[in-house]
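Now for the letters of each chain:
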Amino acid sequence: MIRRGLIVLALLAALPAGAADRFIVLQSTTSTRNSGLFDLILPIFRARTGIEVRVVAVGTGQAIRNAARGDGDALLVHDREAERRFVAAGHGTARHDVMYNDFAIVGPRADPAGVAGMADAPAALARIARARAPFASRGDDSGTHKAELRLWRAGGIDPAAQSGRWYRETGSGMGATLNVGTGMGAYVLTDRASWIAFGNKRGHRILVEGDARLFNQYGIVAVSKRRHPRVKAKLAREFVDWMLSGEGQAAIAAHRIDGRQLFFPNARR
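Residues numbered from 1 in each chain as written. Predicted model: local features only at pLDDT ≥ 70, side-chain atom pairs only at ≥ 80, totals over all residues. Heavy atoms only, no water.

Peer 1: How do you make sense of the packing of helix α6 (residues 121–131) against helix α7 (residues 143–154) when you look at a structure like this?
Peer 2: The packing of two helices is summarised by the inter-axis angle and the distance between the axes. The geometry of α6 relative to α7 is characterised by a closest axis approach of 8 Å and an angle of 80° between their N-to-C directions. Looking at the two axes, α6 sits roughly perpendicular to α7. The residues of α7 that touch α6, namely those facing Ala121, Pro122, Leu125 and Ala129, are Glu148, Leu151, Trp152 and Ala154. (Axes fitted to C-alpha atoms, helices over the stretch in contact; angles between N-to-C directions. Helix = DSSP H or I, 4+ residues; strand = E, 2+ residues; numbered from the N terminus. Parallel < 35°, antiparallel > 145°, perpendicular 65-115°, else oblique. Contact = heavy atoms within 4.5 Å.)

Peer 1: Before we go on, may I ask you to explain the pairing of strand β7 (residues 187–191) in this structure?
Peer 2: Each regular strand shows side chains that alternate between the opposite faces of the sheet. Buried residues dominate β7, accounting for five of its five residues. Both faces of β7 are covered, namely the face carrying Tyr187, Leu189 and Asp191 and the face carrying Val188 and Thr190. As paired elements, strand β5 (residues 135–137) and β7 share two bridges and run parallel to each other. Within β7, the residue paired with Phe135 across the bridge is Tyr187. (Buried < 20%, exposed > 50% of the residue type's maximum accessible area, 1.4 Å probe, protein only. Pairing = 2+ DSSP bridges.)

Peer 1: Honestly, the packing of helix α3 (residues 37–49) against helix α11 (residues 246–253) in this entry has me stumped. Any pointers?
Peer 2: One can describe the packing of α3 onto α11 by two numbers: an axis separation of 9 Å at closest approach and a directional angle of 155°. In terms of orientation, α3 lies roughly antiparallel with respect to α11. The element α3 and its partner α11 pack so that their crossing is right-handed. Taken together, the residues of α11 that come into contact with α3 (itself represented by Leu37, Leu40, Ile41, Ile44 and Arg48) are Glu247, Ala251 and Ile252. Class assignment of the residues belonging to the contact of α3 with α11 gives a composition of six nonpolar, no polar and two charged. (Left-handed = near helix turned anticlockwise from the far one by under 90°. Nonpolar A, V, L, I, M, F, W, Y, C, P; charged D, E, K, R; others polar.)

Peer 1: How should the domain arrangement of the protein chain be read in this particular structure?
Peer 2: The figure often quoted for interface size is the accessible area lost as the parts come together. Domain boundaries in the protein chain define domain 1 (2–101 + 217–265) and domain 2 (102–214). The distance between the C-alpha centroids of domain 1 and domain 2 comes to 28 Å. Taken together, the contacts link 18 residues of domain 1 with 19 residues of domain 2. The largest share of the area that domain 1 buries against domain 2 comes from His78, Asp79 and Asn101, three residues that together contribute 33% of it. Between domain 1 and domain 2 we count two salt bridges in total. Asp141 is paired through a salt bridge with Arg65; the nearest N and O atoms lie 2.7 Å apart. Taken together, the connections running from domain 1 to domain 2 amount to four residue pairs in polar contact (both at pLDDT 80 or more). Looking at the side of domain 1 that touches domain 2, the elements with two or more residues in it are α2 (30–34), α4 (60–68) and β11 (260–261). (Domains from an automatic or database assignment. Buried area = accessible area lost by both parts, 1.4 Å probe. Salt bridge = Lys/Arg side-chain N within 4 Å of Asp/Glu carboxyl O. Polar contact = N/O pair within 3.5 Å; in protein donor to acceptor, adjacent residues only side chain to side chain.)

Peer 1: Would you mind going over the packing of aromatic side chains with me for this structure?
Peer 2: What describes a pair of aromatic rings is the distance from one ring centre to the other and the angle between the planes of the rings. In the structure shown here, the tally under the stated rule is eleven aromatic pairs. For the ring pair Phe135 and Trp152, a centre distance of 5.3 Å and an interplane angle of 75° mean the geometry is edge-to-face. Of the two residues, Phe135 is situated in strand β5 and Trp152 in helix α7; the sequence distance between them amounts to 17 residues. Pair check on accessibility: Phe135 and Trp152 agree, each one buried. Ring pairs connect the aromatic residues Phe135, Trp152, Trp166 and Tyr167, which therefore count as one cluster. Taking NZ or CZ as reference, Arg54 lies 3.6 Å from the ring centre of Phe23, over its face. (Phe/Tyr/Trp six-rings, centres within 6.5 Å; stacked < 30°, edge-to-face > 60°. Lys NZ or Arg CZ within 6 Å of the ring centre and 35° of its normal.)

Take a look at the structure:
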């Protein structure tokens, strides 16, 4: 880590005067920020290009709405269908797969609903609902929240009918929702990167994983200058291209906590 930092500093020192003043705004998710991914990869990108990336980390739904107003130059989120609609509506130039991980259901060791070891996520959620065991949802239109709602529907459950009872919507990001969940002994659907990086587990552990429906794909999009003339299209294109390049993909793969890889690059140019 020290050696990588020295390399980054050396590259920054070699940049031409004024290069470090260039920046783009990236609309992205709380999971990418809270996991520490950007702390690792963005200094490498800036050292190579002189472009600073300023991240707005919100839920995926809010990130897409922000970018659709032109309040960002690029978008890195995890809701493939919403990303495709964003591009189809003319707000983005093209959507690219960039990396993936997965979701998991975490919960207290006592596991009152008895879901530990299940590999069928909708069935596990249905069992949680039948037990009326506490469940903390982000409830914020994020990519994680949308994935959670798809899983409830697959299990034949409408959790909104139980809002404020055993089903608690935090309206917050992943870290805050995990804090609520661990504090109240609730089950939570989380992306694995956020869970690995989360430091307040309080005995909670992963109980349900391995279902193909828990796959979590991230996509990257440059915002369209034709639709939003103020965006920094050239700089955003450089960032997208770097994220999809061999160096960018290797930087993503290098992000680990306690030896565990958080994101898996899968760009296809």
